[in-house]
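Architecture and fold: a report
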Amino acid sequence: MTAAASGCYAGIMAFSRERILDALARLPFIDAGELALVLGEPLATVHRALAVLLKDSLAQRVSHGTAHLPSSHRYYFTKNGIAEAADTLGYEAPSDFVRVHPVSRQWLTLLMRRMDAVASVYRLAATLSPGVDGRETWVEFHRRGRFDAVITLHNGRCFGVVRQGLALRRRSLYDRLRAIAEYNYNRRPSMVLVLAPSPWEQRLTDEFCLNADLRDCYVGVENRETLEGWERLDWISSNWVVGRRYRTLEQVVSEADAVTWFHPEAPERKRASLPDPERMVKAAPAFGLSPAEKRALDLITDHPMIPREHLARWLGVSDGRVSQITRSLTQTWGLVEQHGKRSDVRYTLSDRGIGYIARRDRAQLSTTMAAWSTDPTTDNRGRPRPLGHRILTWQRQTGHADGITWFLSELAAEARANYAGELQWSIPTARSDRAFNRGEDAIAPDAVGHLLVNALHVPFYLEHELRARHPRGVAARLRPYIRYYRSDAPRDDQPPFPTTLFVVDTEEVAETYASTASRMPTMKLPILVSSRELLSYRGMLGRSWRPLWDGERPPLALGELDAYEWDRLRRRMHRAETR
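Attention in this report is confined to the structure presented alongside it. Here the structure is a predicted model, which is why all the values come from computation and not from measurement. (Residues numbered from 1 in each chain as written. Predicted model: local features only at pLDDT ≥ 70, side-chain atom pairs only at ≥ 80, totals over all residues. Heavy atoms only, no water.)

Checked against the element boundaries, Arg553 lands in the loop between strand E23 (546-547) and strand E24 (564-567). Overall, Arg553 belongs to the partly exposed group, its relative accessible area being 23%. Residue contacts for Arg553: discarding those within four places in its chain leaves Pro547, Tyr564 and Arg575. At 3.1 Å, the side chain of Arg553 and the side chain of Tyr564 are in polar contact. (Helix = DSSP H or I, 4+ residues; strand = E, 2+ residues; numbered from the N terminus. Buried < 20%, exposed > 50% of the residue type's maximum accessible area, 1.4 Å probe, protein only. Contact = heavy atoms within 4.5 Å. Polar contact = N/O pair within 3.5 Å; in protein donor to acceptor, adjacent residues only side chain to side chain.)

This is the structure we're talking about:
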């Protein structure tokens, strides 16, 4: 190697070392691929720089994955790395360094508690970044306030990210968005990007943004396809002129204002203690849990006191594997409580698990405890009851709650075994209510979901009905859906149209539904009914469903719904035209 080449190589390495130290100080727990795109440098260059930090014991890496993002190695400073970075970047002492950068004990604790959301923000920032020519993207996480993070591109285009986790109530999310809508334009980023947990909540949030006049707001589903899809039409926004628009991230970036710079938090931190990063990482559930365990934790969060066999069927794992997963959640990390014995084992969140999901999703801890906690307390009359209102509801309606998880878990298992199907997502009872017609009417299904079977998309509402058994009660249960299907809400909520599935106890009750619907002239709606008897015999995907719009027809399979169409003008089901 010539002297000139040697000098050039040394200069590149020196520059890369200083820059990688600065980048890792600003972006703790980022993976190599995301860091390369955010810095606008080749992946090989970033890998080499990180390898040097690992070799010198200045950085460590830890595996992390979520239910929607694959596992990857994420890098963070060691104690020696913090001291080295402080010296290299010109700080008098490490204590000054951690006061300026988010690597103090307080900041690392916050980021590790929200690590699943942090990973989504990093992946979104990497997708938004040009990734070439050293065009650097800035990512700033917020400890409090309306935004979870702000992503600023090299040209000043700025994106505030708001995330709705499973523990964050819809009302709390809307309060944050309403406050953002009231900001002056010079007090908020160019665009607001909202990450919702499902397409159902994505569309409801988009409708709220429209009614709140929150302009320059796009809502996407928090999954890998949306976070990594530069050219996918996954982001929606509505206005009063053209209605709902679907945009790609490329189009969202092109429409953003290129002159706004948003720095709402002062760089100085009042509380900034020197951390012990390696010890903190080992104690963090976000890194210790596998994606499968996090998926199980999400199901237990959505369905408190879920039976063991339902959880195993839903996850599609063996008894031995579900034992491993629940043992990790109950014994190793203490996030889940096990109730019952032998054939009636159930799982729900422990107090530590409630704290974990509340901090992960930026939900209010007291409100979350009041929903999920099994701690004993007394009511106004001194009678014993659990603290959490969702646990109390389960105690009062155990058969109803078990019927919902039975149906959804069996549907997921049958769709998976069908090799051409999948229960793509589902929403529990606690988040499934839907107000329409300007809030004058509402439906409150027991669950909302989206089934893919034989390449046919079947969005559905589930009503597991145990009480309405006679014609008068049946008619009362059907009327809210008659009003719902007469409105424009079905097209907006789950296009092209959602199907409502009523599950009853016996075939005798199912016959009551069919005969009652036949006497109601407005009942030409996409509503089907079946009984647990028939579903247990023929299966969820078998010919088990009686169409209430055509009482003379034999039972249908859900995969045969493609033979029918929803007439939005006449508000009725009819046979699809042969093509």
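Having seen the model, we can carry on.
Before going further, it helps to examine the layout of surface pockets. By volume, the second largest pocket is sized at about 1200 Å³. In this structure, the second largest pocket is lined by 46 residues; those nearest its centre are Arg390, Thr393, Pro428, Thr429 and Ala430. Looking at the lining of the second largest pocket, the elements with two or more residues in it are helix H8 (170-181), helix H14 (291-302), helix H18 (365-372), helix H19 (389-396), helix H20 (398-417), strand E18 (441-443), strand E20 (456-464) and helix H21 (471-486). When the residues that make up the lining of the second largest pocket are grouped by side-chain class, the tally is 19 nonpolar, 13 polar and 14 charged. (1 Å grid on protein atoms, 1.4 Å probe; cavity = no way out; pocket = protein on both sides within 12 Å on 5 of 7 lines; lining within 4 Å. Points joined across faces, edges and corners; volume = space filled by probe spheres on them. Nonpolar A, V, L, I, M, F, W, Y, C, P; charged D, E, K, R; others polar.)

Now for the sheet that holds strand E11 (residues 306-307). For sheets, the rule is that strands pair by backbone hydrogen bonds, running either parallel or antiparallel. Read from one edge of the open sheet, three strands run E11-E13-E12, paired in antiparallel fashion. Strands with a single pairing partner mark the edges of an open sheet, and in this sheet they are E11 and strand E12 (336-339). Bridging between E12 and strand E13 (residues 346-349) involves four bridges; their strand directions are antiparallel. From the neighbouring strand, Gln338 faces E13, where its bridge partner is Tyr347. (Pairing = 2+ DSSP bridges.)

Take empty space enclosed by the protein next. By the definition in use, this model includes two cavities of 30 Å³ or more. If you add up the space inside the largest cavity, you get close to 70 Å³. Lining the largest cavity are Leu110, Leu111, Arg114, Ala117, Val118, Val121, Phe141, His142 and Asp148. At the level of secondary structure, the elements contributing two or more residues to the lining of the largest cavity comprise helix H6 (105-113) and helix H7 (115-128). With three residues, the top contributor of residues to the lining of the largest cavity is H7. Taken together, the residues that form the lining of the largest cavity break down as six nonpolar, one polar and two charged. A volume near 30 Å³ is recorded for the second largest cavity. His64, Gly65, Thr66, Leu69, Pro70, Ser72, Arg74 and Arg123 are the residues that line the second largest cavity. Partitioned by chemical class, the residues of the lining of the second largest cavity number two nonpolar, four polar and two charged.

Reading across from one edge, E16-E19-E20-E21-E22-E23 is the order of the six strands in this open sheet, with mixed pairing throughout. The open sheet has two edge strands with one neighbour each: strand E16 (421-427) and E23. Taken together, the seven bridges between strand E19 (residues 447-453) and E20 define a ladder with antiparallel strand orientation. The partner of His450 across the bridge, within E20, is Pro459.

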